[in-house]
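What follows is the residue order along each chain.
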Amino acid sequence: MNDIIEKKARLTMSLRAQAILSSPVLSAIETIPREIFIDSALKQHAYENASLPIACGQTISQPYIVAKMTETLEITSRHTVLEIGTGSGYQAAILSLLARRVYSLERHRPLFVEARNRLADLKLTNITLRLGDGFSGWPEAAPFDRIIFTCQVEHVPDAIIQQLKPDGILIAPIGSPGKEFLTKLTKKGDVIHSEKLISVRFVPMVPGIEHV
Ligand code: SAH
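Attention here is on the structure that accompanies the text. This is a predicted model, so every value here is computed, not measured. (Residues numbered from 1 in each chain as written. Predicted model: local features only at pLDDT ≥ 70, side-chain atom pairs only at ≥ 80, totals over all residues. Heavy atoms only, no water.)

In terms of helices and strands, the protein carries six helices and nine strands. In terms of overall dimensions, the protein has a C-alpha envelope of 50 × 40 × 35 Å along the principal axes. Counting across all 212 residues of the protein, residues that qualify as buried make up 52%. Contacts in the protein between residues far apart in sequence, at least 24 positions, make up 54% of those at least 6 positions apart. Total accessible area on the protein is roughly 10,000 Å²; 53% of this is exposed by carbon and sulfur atoms. Between the centroid of the 24 positive side chains of the protein and the centroid of its 22 negative side chains there is a distance of 3 Å. (Helix = DSSP H or I, 4+ residues; strand = E, 2+ residues; numbered from the N terminus. Buried < 20%, exposed > 50% of the residue type's maximum accessible area, 1.4 Å probe, protein only. Contact = heavy atoms within 4.5 Å. Areas by Shrake-Rupley, 256 points an atom, 1.4 Å probe, with all protein chains shown as cover. Lys, Arg positive; Asp, Glu negative; His and termini not counted. Charge placed at Lys NZ, Arg CZ, Asp CG, Glu CD.)

Structure below.
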């Protein structure tokens with residue numbers, strides 16, 4: 001127990017050293033137990049600042065990247081957020097402590113089912129998950145104040161841009177595979193401003209749904 005508290009403190013200290021300054025983001029990282037989103041064989045690494053493999057050949061992002069993306073979104077408690085790529089559900093859990101409601105899409109059924117169970121165990125009731133293809137977004141719940149992609153895309157699909165509110169912020173790893181940059185898009189009227197942040201590595205966004 002004390003061991004986990006110490007590991008969490010060390011992780012938040014290293015995030016601060018990497019210029020993550022938002023107290024709500026740091027406290028969300030301290031609050032959500034990352035170990036429950038990770039396979040049992042890797043649990044001892046839960047509070048290392050590293051990405052880790054999860055089921056279906058996917059990955060849970062590095063805490064620094066989760067923190068950086070969350071901070072860039074400037075989320076308030078009035079915001080509705082769409083996530084594309086639920087994976088383990090960890091990023092959705094972090095978002096849920098800051099936003100009013102989180103919608104998250106995942107294309108792999110086993111990941112969707114596991115994430116749903118974990119988030120229910122944590123009693124995070126302001127998250128709605130769906131097995132679906134992120135290329136179509138979530139038209140019934142749109143428009144969103146904030147949108148986050150946790151998979152690499154060459155370009156953000158038009159359908160998704162249309163689901164972002166005016167003055168909304170979207171963050172995504174944009175670029176060809178292996179050459180993607182975390183990119184912040186801001187919608188001002190019909191104009192999209194784009195700002196490249198840092199070079200990152202993500203699993204690719206893939207169309208369609210996988211049932212196994
Ligand atoms: N946010 C996750 C990171 C998951 S990795 C976490 O906190 O654990 C990215 C995820 O995007 C993978 O689970 C992958 O299956 C999913 N993904 C890829 N293409 C997708 C698509 N078209 N629609 C929905 N999810 C997609």
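Here we come to the sheet that holds strand β6 (residues 144-149). Sheets are built from strands that pair by backbone hydrogen bonding, the pairs being arranged parallel or antiparallel. Spatial ordering of the open sheet is given by β5-β4-β3-β6-β7-β8-β9, a layout of seven strands whose pairing is mixed. In the strand order of this sheet, the two ends are held by β5 (127-131) and β9 (191-199), each with one partner. Between one strand axis and the next, the sheet turns through 15° on average, direction left out of account. In the sheet, strand β3 (residues 80-84) pairs with strand β4 (residues 101-106) via five bridges, with the strands oriented parallel. Within β4, the residue paired with Glu83 across the bridge is Ser104. Strands β4 and β5 of the sheet are contacted by helix α5 (residues 109-121), whose axis makes an angle of about 160° with β5. (Pairing = 2+ DSSP bridges. Axes fitted to C-alpha atoms, helices over the stretch in contact; angles between N-to-C directions.)

Note that side chains of opposite charge can pair when their charged atoms are close. Counted by the stated rule, this structure contains eight salt bridges. Here Glu114 and Arg118 are joined by a salt bridge, their closest N and O atoms 2.8 Å apart. Note that Glu114 and Arg118 are positioned in helix α5 at a spacing of four residues, about one turn of the helix. The partner of Lys165 in a salt bridge is Asp145, and the shortest N-O contact between them spans 3.2 Å. Here Lys165 is found in strand β7 (residues 164-174), whereas its partner Asp145 is found in strand β6, with 20 residues between them in sequence. A residue is classified by how much of its surface remains accessible, and Asp145, at 12% relative accessible area, is buried. (Salt bridge = Lys/Arg side-chain N within 4 Å of Asp/Glu carboxyl O.)

Close to the ligand lie 25 residues, the nearest being Glu83, Ser88, Glu106, Gly134 and Val206. Between the ligand and Gln91, the relevant distance is 3.0 Å, taken from an oxygen atom to a main-chain nitrogen or oxygen of the residue. Backbone polar atom of Val206 to a nitrogen atom of the ligand: 2.7 Å apart, as the coordinates give it. Contact with the protein chains covers 99% of the free accessible surface of the ligand, which is 580 Å². Those elements that place two or more of their residues in the shell around the ligand are β2 (59-60), α4 (90-96) and β4. (Near = heavy atom within 4 Å. Polar contact = N/O pair within 3.5 Å; in protein donor to acceptor, adjacent residues only side chain to side chain.)

This part covers the pairing of β5. Here β5 shows a buried face lined by Ile127, Leu129 and Leu131 and an unburied face lined by Thr128 and Arg130. Of the strand pairs in this sheet, β4 and β5 are connected by five bridges, and their pairing is parallel. Residue pairing for β5: Leu105 is matched across the bridge by Arg130. In this fold, β4 hands off to α5, which returns the chain to β5; that crossover is right-handed. (Right-handed = clockwise from strand over helix to strand, strands pointing away.)

On to unusual backbone geometry, then. Cis geometry is adopted by the peptide bond preceding Pro143, which originates at Ala142 and carries an omega value of 0°. Mapped onto the fold, Pro143 is located in the loop between β5 and β6. A positive phi angle, close to 60°, is found at Cys56, a residue other than glycine. One can find Cys56 in the loop between β1 (52-53) and β2. Given a relative accessible area of 29%, Cys56 falls into the partly exposed group. You will see that Asp167, though not glycine, has its phi angle at about 70°, which is positive. For Asp167, the location among the structural elements is in strand β7.

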